[in-house]
Structure formats: structure tokens, C-alpha cells
Amino acid sequence: MAILKIARMGHPVLKRRADPVEDPSSPEISRLINDMMDTLADVGGVGLAAPQVHVPLRVVIFHVPKARMEAEDGEGPAIGVPLTVLINPEIEPLDDEIEEGVEACLSVPGLAGVVPRYNHIRYRAQTPAGEPLDRVAKGFHARVVQHECDHLDGFLYPMRMNDLSKLSFVEELKRYAGEEAED
Ligand code: NI
């Protein structure tokens, strides 16, 4: 078990394109994934990309808490997405619909911003067993995958914002919540 140090905005590892993983089931990748899981559990985020722990490889982990899906859908039985590992992921937007939503990032501590993302995507990746994974996602699930996969190409969410007046400190967002309607 190892909790890894998280790279913050400005670190070169977050700016480069991460390298493909050649052998998803290698012991090194398995160790990396375990350490990323320990780190994510310790800091309590929804997702983490390998470059955020100073490893420039195309590996992402994420989960979607059931509560987030419930808050969003409000209809039907909400199911979260269990902790998922994506190796060498590829994203394909399924239509042109763009939705704005608030994002935060462990590499940009204390801040949150409104980011436009595709609402419907398909994503494909390899699992740690080397098996293909192929899923369709929408809403917050799709947002998390786009945010995490952006880390593999050197993008942090502020670089995806089209209105920087919607970048805030989380503390201020909470303090003034309700005064300015969002989303
Ligand atoms: Ni992030």
C-alpha cells in the first residue's frame, strides 16, 4: 500500500502526452493501479490519472458514486459506476450535445470551474487483465471520463473552460451558493 504524491498544475508531467501502456497486465502496471487506488481512497476524489501521480502512462481510475447519479437523473433507480480502471482509453462523442457542469481536480486544489463537456460518449479501453472494455456513458459519468482522459493528453479542466469568470475557490462557491444560479 502506498499513497502517492499528487502533481499540481504547473508540473511538467501534467502538460505532456502520456505514453501508451504496452502490457496492461504487467506487475509494474498492477502496482501502479493499486497505488493509485490507495491514493484516490485517501484523498477522496472520484477519479485519478497516472500523470497526476507523476507517472506519464495512459492509465485512469474513476468511480461514480450513486449519489451523484441520483442527483442528476432524478428518475429510475440510480446506479453508480464501480471503481473502473481504463488503460489506453479512447473516447468517441456520440452526438454534438454539450453540457456545462462544475468540475474540480486534485491537481488544481481548492478551485472549481464550469466546464463544457460532451453529454453522450462511448469509451473504449483495456482492463488490467488486458481485456477490452467498451461502454456508453452520459452526464456526470461521461464528464468524469472526459476529465480523467484529458489528463493523458496534457489538459487540465481550466484549459477546457470557455468562461474563466466561472472559475472559483470552492470555499467561495459554497459561501455564495444560491446567489448565482449555476448549471
Ligand atoms: Ni483532474
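Residues numbered from 1 in each chain as written. Predicted model: local features only at pLDDT ≥ 70, side-chain atom pairs only at ≥ 80, totals over all residues. Heavy atoms only, no water.

1. Here we look at the overall build of the chain
Counting its regular elements, the chain contains four helices and eight strands. Moving toward the C terminus, one meets the helices and strands of the chain in the order α-β-β-α-β-β-β-β-β-α-β-α. Taking 2.2 N^0.38 as the reference for a compact globule, 183 residues should give roughly 16 Å; the C-alpha atoms of the chain span a radius of gyration of 16 Å, in line with that estimate. When the backbone C-alpha atoms are referred to their principal axes, the chain occupies close to 50 × 35 × 30 Å. Scored against the burial criterion, the 183 residues of the chain give a buried share of 42%. Partitioning the contacts of the chain with sequence separation of at least 6, the portion at a separation of at least 24 is 68%. About 10,000 Å² of surface is accessible on the chain, with carbon and sulfur atoms providing 52% of the total. When the 19 basic and 31 acidic side-chain charges of the chain are each reduced to a single mean position, those positions are 4 Å apart. (Helix = DSSP H or I, 4+ residues; strand = E, 2+ residues; numbered from the N terminus. Rg over C-alpha atoms; globule rule 2.2 N^0.38 Å. Buried < 20%, exposed > 50% of the residue type's maximum accessible area, 1.4 Å probe, protein only. Contact = heavy atoms within 4.5 Å. Areas by Shrake-Rupley, 256 points an atom, 1.4 Å probe, with all protein chains shown as cover. Lys, Arg positive; Asp, Glu negative; His and termini not counted. Charge placed at Lys NZ, Arg CZ, Asp CG, Glu CD.)

2. Focus on the packing of aromatic side chains
This model, assessed by the stated rule, comprises one aromatic pair. Ring plane angle 70° and centroid distance 6.2 Å describe the contact between Phe62 and Tyr123, whose orientation is recorded as edge-to-face. With Phe62 in strand S2 (residues 59–64) and Tyr123 in strand S6 (residues 120–126), this pair connects stretches of sequence that are 61 residues apart. Taking the ring centre of Phe155 as reference, the NZ or CZ of Arg160 above it sits at 3.9 Å. (Phe/Tyr/Trp six-rings, centres within 6.5 Å; stacked < 30°, edge-to-face > 60°. Lys NZ or Arg CZ within 6 Å of the ring centre and 35° of its normal.)

3. What to know about helix H1 (residues 27–43)
For H1, with 17 residues, the first-to-last C-alpha span of 24 Å sits near the 24 Å given by 1.5 Å per residue. Residues of H1 that are buried: Ile29, Leu32, Ile33, Asp35, Met36, Asp38, Thr39 and Leu40. Among the residues trailing H1, Gly44 stands out with phi positive, at a value near 80°. (Expected span 1.5 Å × (residues − 1).)

4. Thoughts on the nonpolar core
Val60, Phe62, Val64, Leu86, Ile121, Tyr123 and Val145 are the most contacted members of the largest nonpolar core, which totals 19 residues. Of all the elements in the fold, those that place two or more residues in this core are S2, strand S3 (81–93), S6, strand S7 (132–138) and helix H3 (139–150). At five residues, the largest contribution of residues to this core is made by H3. With near-sequence residues (within four places) excluded, Val60 lies in contact with Met36, Leu48, Ala49, Thr84, Val85, Leu86, Glu148, Cys149 and Leu152. Core analysis: the second largest hydrophobic core is formed by 14 residues, Met36, Leu40, Val59 and Ile61 among them. (Core = buried A, V, L, I, M, F, W, Y, C linked by side-chain atoms within 4.5 Å.)

5. Some words on the sheet that holds strand S8 (residues 167–169)
Read from one edge to the other, the open sheet built from three strands follows the order S4-S5-S8, with strand pairing classed as antiparallel. Single-partner strands in this sheet number two, and they are strand S4 (98–103) and S8. The average angle at which neighbouring strand axes cross in this sheet is 25°, direction not considered. Bridge count between S4 and strand S5 (residues 111–118): six bridges; the pairing is antiparallel. Looking at the pairing, Glu99 lines up with Arg117 of S5. Across the face of the sheet, H3 comes into contact with S4 and S5 while running at roughly 105° to S5. (Pairing = 2+ DSSP bridges. Axes fitted to C-alpha atoms, helices over the stretch in contact; angles between N-to-C directions.)

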